[in-house]
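# Observations on chain architecture
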Amino acid sequence: MFKLKLFFVLSFVFLTGVTSAQRQYATCSKDGKLYGYIDQDGNEVIPFKYIYPTAVSSAGVFCAMDPSTKKRALFSIKGEEIPTPFQGFDLPDVMGFNEKGFVSENIRIIYKGKYGVLDKQGKAIHQPEYDRMTDFFEDFTFGGKGTKWYILKMDGSKVPVNTEAKEIKRFKE
């Protein structure tokens with residue numbers, strides 16, 4: 001019995017150490033206007049020069065707006081811009097609250113009035129061609145064109161919903 005308890009304690013310690021080994025970053029502002037990022041040791045890793053920042057993804061990518069250009073872009077935690085063919089994209093928001101950022105290493109965007117999904121490298125997983133899009137649900141989202149809806153999976157595949165619908169809400173178990 002002691003060996004079994006010891007096994008579970010050591011397993012817990014090992015798994016906790018593995019999951020906490022990933023670097024964590026927090027959005028931070030000195031003046032409430034311009035934002036940067038600090039690491040889990042309290043060190044500034046990205047200068048305080050952005051507006052409308054998202055959280056940093058587990059892959060070390062974030063989205064923010066440069067106040068001088070008023071354009072959003074994707075950035076690595078090293079501060080390097082990640083190129084994307086959708087210059088001038090925006091993020092969906094609900095009643096003034098911006099997109100939370102990356103989910104499953106992907107982010108929803110709006111480009112020229114259409115919704116799409118980008119990956120952490122700035123490439124389109126789903127082209128911005130949808131009239132509307134739901135929040136992410138685990139590893140997929142719903143995208144709608146007219147009355148036709150699709151289940152958009154994060155591997156780039158899409159599955160048509162075989163019924164016309166005006167609105168789709170979250171799956172529940």
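Note that this is a predicted model, so its numbers are computed, not measured. (Residues numbered from 1 in each chain as written. Predicted model: local features only at pLDDT ≥ 70, side-chain atom pairs only at ≥ 80, totals over all residues. Heavy atoms only, no water.)

## Thoughts on the confidence of the model for the chain
For clarity, the cut-off: You can read pLDDT as the predictor saying how much it trusts each residue, on a scale of 0 to 100. Helical segments are the DSSP runs of H or I of at least four residues, strand segments are the runs of E of at least two, and each set is numbered from the N terminus. Whether two residues are in contact is decided by their heavy atoms: any pair within 4.5 Å suffices.
Confidence in the prediction of the chain, expressed as mean pLDDT, is 82, and 80% of residues score 70 or more. For the chain, helix α1 (residues 2-20) is the element with the lowest average pLDDT, namely 36, and strand β11 (residues 124-130) is the one with the highest, namely 97. Across residues 1-21, confidence stays below pLDDT 50; counting only partners more than four residues off in sequence or on other chains, it has one contact.

## Topic: the sheet that holds strand β6 (residues 81-82)
Heads up, the condition is: At least two DSSP bridges between two strands are required for those strands to pair.
A sheet is described by the order of its strands in space; here three strands give the open sequence β4-β5-β6, paired in antiparallel fashion. For this open sheet the edge positions go to β4 (61-66) and β6, each flanked by a neighbour on one side alone. Here six bridges tie β4 to strand β5 (residues 71-76), and the two strands are oriented antiparallel to one another. Directly across from Ala 64, in β5, lies its bridge partner Ala 73.

## Topic: the side chain of Thr 134
Let me state the cut-off plainly: Each residue is assigned to one of three classes by its accessible area relative to the maximum for its type, calculated with a 1.4 Å probe on protein chains only: buried under 20%, partly exposed between the two thresholds, exposed over 50%.
Looking at where Thr 134 falls in the secondary structure, it is placed in the loop between β12 (132-133) and β13 (140-145). What makes Thr 134 buried here is its relative accessible area of 12%. In this structure Thr 134 touches Arg 108, Thr 141, Phe 142, Trp 149 and Ile 168, once residues within four positions along its chain are discounted.

## Describing the sheet that holds strand β10 (residues 114-119)
Put simply, the rule reads: In this description, a line fitted to the C-alpha atoms serves as the axis of each element, helices being fitted only across the stretch in contact, and the angle between N-to-C directions of two axes falls anywhere from 0 to 180 degrees.
In space, the three strands of this open sheet follow the order β9-β10-β11, with antiparallel pairing throughout. In this open sheet, the two strands that pair with only one neighbour each are β9 (106-111) and β11. Direction aside, neighbouring strands of the sheet carry axes that sit 20° apart on average. Here β10 runs beside β11; their pairing, made up of three bridges, is antiparallel. Its bridge partner lying in β11, Val 117 is registered against His 126.

## Points about the side chain of Thr 84
Put simply, the test is: Whenever a nitrogen or oxygen atom comes within 3.5 Å of another N or O atom, the pair is scored as a polar contact, on the condition that within protein one atom can donate a hydrogen and the other can accept it, and that pairs from neighbouring residues in sequence are kept only if both atoms are in side chains.
Among the structural elements, Thr 84 can be located in the loop between β6 and β7 (93-94). In terms of polar contacts, Thr 84 uses its side chain to reach the backbone carbonyl oxygen of Gly 122, at 2.9 Å. Each residue touching Thr 84, except ones within four places of it in the same chain, is listed here: Phe 89, Leu 118 and Gly 122.

## Comments concerning the pairing of β13
The buried fraction of β13 amounts to five of the six residues, a majority that puts the element mostly inside the structure. As judged from the two bridges shared by β12 and β13, these two strands associate in the antiparallel manner. Each bridged residue has a counterpart across the sheet, and for Arg 132 the counterpart in β13 is Gly 144. The pairing of β13 with strand β14 (residues 148-153) spans six bridges and is antiparallel. Opposite Phe 140, over in β14, you have Lys 153 as the bridge partner. Between β13 and β14, which pair antiparallel in sequence order, lie two residues; one of them, Gly 146, sits at a positive phi of approximately 60°.

## Re the nonpolar core
Just so we agree on the cut-off: Nonpolar cores were defined as sets of buried Ala, Val, Leu, Ile, Met, Phe, Trp, Tyr and Cys residues, with membership established by side-chain atoms within 4.5 Å.
Formed by Val 61, Cys 63, Leu 74, Ile 82, Phe 86, Phe 89, Leu 91, Phe 102, Ile 107, Ile 109, Tyr 111 and Leu 118, the largest nonpolar core amounts to 12 residues. Mapped onto this core, the elements with two or more residues apiece are β4 and β9. Looking at this core element by element, the count peaks at three residues for β9. Judged by nonpolar contacts, the second largest core, of 10 residues, contains Val 103, Phe 136, Tyr 150 and Leu 152.

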